[in-house]
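Secondary and tertiary structure notes
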Amino acid sequence: MRRLLLCLALLPQLAWASPWTLPRGALVVSGRYDFETADREFLDDSGADVPYSLRGGYQASTFTVGARLGLTDRLEVELAVPLRQVAYTADPVILLPRDPASAVGELDYHQENIIDLSQRVQGVADLKLALRYRLWLAQTVGAVQLEVVTPSGYRGPQGTFGEKPNSINAFVSDLPRFVRPENVADDVTLGDGVLQIKPAFLFGWGFASGTFVRVDVGYNVRLNGAGDLLNGALRAGQLLGRHVLVYAGIEGEYTVQDGRVIGVSVAAEDPTLPAADYGGTNNLALREVTLDRDRLVVPAGLILRVTEQAELNLGYATTVWGRNTSKVHSASVGLAIRTQAL
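For clarity, every value in this text was computed on a predicted model and none was experimentally measured. (Residues numbered from 1 in each chain as written. Predicted model: local features only at pLDDT ≥ 70, side-chain atom pairs only at ≥ 80, totals over all residues. Heavy atoms only, no water.)

**A word on the environment of V266**
With respect to the helices and strands, V266 occurs in strand 15 (residues 261-268). A residue is classified by how much of its surface remains accessible, and V266, at 15% relative accessible area, is buried. Expressed as a C-alpha distance, the spacing of V266 and A285, which sit 19 residues apart in the sequence, is 6.1 Å. Look past the residues within four positions of V266 in its chain and what remains in contact with it is T160, F161, F171, L284, A285 and L286. (Helix = DSSP H or I, 4+ residues; strand = E, 2+ residues; numbered from the N terminus. Buried < 20%, exposed > 50% of the residue type's maximum accessible area, 1.4 Å probe, protein only. Contact = heavy atoms within 4.5 Å.)

Below is the structure:
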């Protein structure tokens, strides 16, 4: 029983939402740093990942400040504010073939038509506000959650050269007009850029052995033309001694309806070819892209109880399957401090 109480004492302070809600007046303040990297992506529903074209690479750093407050013994509120930096690098490329009859010199032609897809953005990402209400508490605990995620005003994702045109036929019919360096937009952005409302059920089991199991099932209503998502997660952990809790799991999301087209994405038929092998429609794989995505992520980590009020959370996660998403590797470190506010 003592190990069960120790395990349950750790659970409410986890960085992710928990059915073990905080008691009235308890406040948990947290800070977490996440570093993400990727050089491969899932483009279709085959489950196969391919390299980014033009030797592309993605990196993102996020520092999130959060707080959870127990309003009653059953109801808690959470707020999270992320500061994020996203960078994408790729080899420059020329996609428009030079017209031999043009009076423009070769040097001027290259200077005017070289496409650089490398971009970097930074700022406040999606703000999160959540309410959780615990339905019951025994060896099994259940809670309901309502989470609202809103963009902070950043520019949302678009096609490689903007939102227009939004069809492949229109894009191909007027390549010189759209394939311009000044039109490069792409999806290097701080988030989806859409308002999201996410109701969910959270269930948990704690055992005297120090083992816990978590199951989450939710639905993500995404506005502004994005398709809705069905969400789910399964996590399990084990208390080791008095101060260490290790955990692992699997979580995913699946698109249940199609969203609007946000532009045409210019990918490669063979992403391993160098920039010199592009030109016109050579080696181009054009896709009408939306904000819809599917993915499975495998997270793992440990929570170290530093003091009675402070915990250190170390985590790693990777995307193992997806559609219209990157194969991301993510490492995180976070610190949560609990106090009595009321």
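**Quick look at the packing of aromatic side chains**
Tallied over the entire structure, the rule returns 6 aromatic pairs. Here W136 and F203 contribute two aromatic rings whose centre-to-centre distance is 6.3 Å and whose plane-to-plane angle is 40 degrees, an arrangement assigned as tilted. Of this pair, W136 sits in strand 9 (residues 127-137) while F203 sits in strand 11 (residues 196-206), and the two are 67 residues apart along the sequence. A ring pair is formed by F201 and F203, whose centres lie 6.4 Å apart and whose planes are at 15 degrees; its orientation type is stacked. Since its relative accessible area comes to 25%, F203 is described here as partly exposed. Each member of the aromatic cluster is reached from another via a ring pair, and the members are W136, F201 and F203. (Phe/Tyr/Trp six-rings, centres within 6.5 Å; stacked < 30°, edge-to-face > 60°.)

**Regarding the pattern of salt bridges**
Overall, the coordinates contain 19 salt bridges when judged by the stated rule. The salt bridge partner of R32 is D34, with a shortest N-O separation of 2.8 Å. Residue D34 is classed as buried on the basis of its relative accessible area of 13%. Salt-bridge contacts for E308 lead to R305; the nearest nitrogen and oxygen are separated by 3.3 Å. Each of R68, E76, E78, K128 and R132 takes part in one network of salt bridges that share partners. (Salt bridge = Lys/Arg side-chain N within 4 Å of Asp/Glu carboxyl O.)

**Section: the pairing of strand 20 (residues 329-340)**
As paired elements, strand 1 (residues 26-38) and strand 20 share 12 bridges and run antiparallel to each other. What sits directly across from V28, in strand 20, is R338. Note that strand 18 (residues 310-323) and strand 20 share 9 bridges and pair antiparallel. In the sheet register, Y316 faces strand 20, and the bridge partner there is A331. (Pairing = 2+ DSSP bridges.)

**A closer look at the sheet that holds strand 19 (residues 325-326)**
Two strands in a sheet stick together by hydrogen bonds in their backbones, pointing the same way (parallel) or opposite ways (antiparallel). The 3 strands are arranged 3-2-19 in an open sheet whose pairing can be described as antiparallel. Of all strands in the sheet, those with a lone pairing partner are strand 3 (49-51) and strand 19, marking the two edges. As judged from the 3 bridges shared by strand 2 (residues 40-42) and strand 3, these two strands associate in the antiparallel manner. By the bridge assignment for strand 3, F42 is matched with D49.

**Points about unusual backbone geometry**
Omega for the peptide link from K164 to P165 comes to 0 degrees, which places this bond in the cis form. When you line up the elements, P165 lands in the loop between strand 10 (140-150) and helix 3 (168-173). In this model, L54 sits at a positive phi of 60 degrees, which is unusual for a non-glycine residue. Tracing the sequence through the fold places L54 in the loop between strand 3 and strand 4 (57-70). For N224, which is not glycine, the phi torsion reads 60 degrees and is therefore positive. Along the chain, the position of N224 falls in the loop between strand 12 (211-222) and strand 13 (229-240).

**Some words on the nonpolar core**
Grouped together as the largest cluster of nonpolar side chains are 30 residues, with contacts concentrated most on Y58, F161, F171 and V179. Contributions of two or more residues to this core are made by strand 4, strand 5 (75-89), helix 4 (175-178) and strand 15. Non-local contacts of V179, meaning those with residues more than four positions away in its chain, are made with L95, L96, I115, F161 and F171. The next biggest cluster of nonpolar side chains, apart from the first, holds 7 residues, and it includes F212, L239, L245 and I303. (Core = buried A, V, L, I, M, F, W, Y, C linked by side-chain atoms within 4.5 Å.)

**Structural notes on the environment of V264**
If you trace the backbone, V264 turns up in strand 15. Residue classification places V264 among the buried positions, given a relative accessible area of 2%. V264 sits 103 residues away from F161 along the chain, and the two C-alpha atoms are 7.3 Å apart. Not counting residues up to four positions away in its chain, the partners in contact with V264 are G159, T160, F161, G162, P165, N166, S167, I168, F171, L286 and R287.

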